[in-house]
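# Examining the three-dimensional arrangement
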Amino acid sequence: MAETDTLDNLDSLLEKGQYDLVIKLTEGASDIDSLFPRLLSLYATAEMGKAERLIDKYYDVLKADLPLLIKVSIESLMAANMFDVARQRLQFFKSKPYENQEVEELLKLYPEKIKEAEIAFYKGNGPKKTTKEMRDILSTSLKDEEILSVITGLEKEEVSELTPELVRLVSNYPTFSVRVYALLSLISNGYTAPLSFKDKDNKIIALTSSDYKRLNSPMEMEELTYRLNEKINDPSLINIALSLYPLYVLYYFPSEVESDVMVLGAALEVVAHQYLDEVAPLEEIIPRWGVDPDLVSKTASLVKEASDNFK
């Protein structure tokens, strides 16, 4: 088949939504006219991890149409509600040299677009709720999703205004994930007053100043962030790993969790692959981190359990 016919065929298949066939036909391709249809098809079939890897592997080819690449990548991630990954990918694009006014405008435009899309997702596409409306939801709602939509969208000053409601959720709400996200909001806002917290087994723990210091450490994550960036050349995996860590710590609190940053980093990378519905390449991960595979496997299982309980 002539090259022009092949390209026309890929375009036709995309228009018909035959994404699996496009992926099959472009297997192993490295030219831009095949890579873009492949990328679009991977995103369309929710193969987000494979799509992100395709960009990383063939960026030097795909950058020939950088405006299109930025639009396809960021819009697809936003449509999948992967807002943190979209921000990480945007940073990747910003870190690369470019000489194009359209690219510059897109890089300025998308941070706000991502923020707006995330707010719309959490707020159910409705207008921003007033403090009174948020207080009513936090005080009376029994719907986890409704409460989480408020907690996850709170600004710093709103956390201060709604502290009494968040404290009650931490102490009394029946669903553990809601209690944890309420506690995370308070911790991130510098809350240090005495507080009773129900752990995952519904045991009441009286939080002390030393507990707050310990619980706040996952928010800092300086060494872990450094090691993840040092060992992993994949923005999406790094971002997912960092988002998993606070949940891992809080899920098992007050029990101690793995403190060896190398074992922890490797385990988080393993679970990040699983989060993207990928098989973690242990034969690459273990030597790269230089850690005991049994420790990594054990820690990854614990991280995965914590992650599964927050979905």
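Look above for the structure.
As a starting point, this report considers the structure included with it. (Residues numbered from 1 in each chain as written. Predicted model: local features only at pLDDT ≥ 70, side-chain atom pairs only at ≥ 80, totals over all residues. Heavy atoms only, no water.)

Here helix α5 (residues 66-79) spans 20 Å end to end across 14 residues, near enough to the 20 Å set by a 1.5 Å rise per residue. Backbone geometry just after α5 places N81 at a positive phi near 60 degrees. (Helix = DSSP H or I, 4+ residues; strand = E, 2+ residues; numbered from the N terminus. Expected span 1.5 Å × (residues − 1).)

Our focus in this paragraph is the nonpolar core. With 98 residues, the main nonpolar core has L69, I70, F93, L166, L183, L195 and L207 as its most contacted residues. In terms of residues, this core owes the most to one element, helix α15 (residues 235-252), which gives 13 residues. Sequence-distant contacts of L69, that is, excluding residues within four places in its chain, are made with F36, L39, I55, Y59, L62, K63 and F93. (Core = buried A, V, L, I, M, F, W, Y, C linked by side-chain atoms within 4.5 Å. Buried < 20%, exposed > 50% of the residue type's maximum accessible area, 1.4 Å probe, protein only. Contact = heavy atoms within 4.5 Å.)

Before going further, it helps to spend a moment on the packing of helix α4 (residues 48-62) against helix α6 (residues 83-95). At a minimum axis distance of 12 Å, the contact between α4 and α6 shows a crossing angle of 5 degrees. By the criterion of interaxial angle, the relationship of α4 to α6 is roughly parallel. Across the interface between the two elements, E52, I55, D56 and Y59 of α4 pack against V85, R89, F92 and F93 of α6. A class-by-class count of the residues in the contact of α4 with α6 yields 5 nonpolar, no polar and 3 charged. (Axes fitted to C-alpha atoms, helices over the stretch in contact; angles between N-to-C directions. Parallel < 35°, antiparallel > 145°, perpendicular 65-115°, else oblique. Nonpolar A, V, L, I, M, F, W, Y, C, P; charged D, E, K, R; others polar.)

On to unusual backbone geometry. For A46, which is not glycine, the phi dihedral falls at a positive 65 degrees. Take A46: it is sitting in the loop between α3 (32-44) and α4. Assessed through its relative accessible area of 55%, A46 is described here as exposed. Positioned with a positive phi, N81 is a non-glycine residue whose angle comes to about 60 degrees. For N81, the position within the fold is in the loop between α5 and α6.

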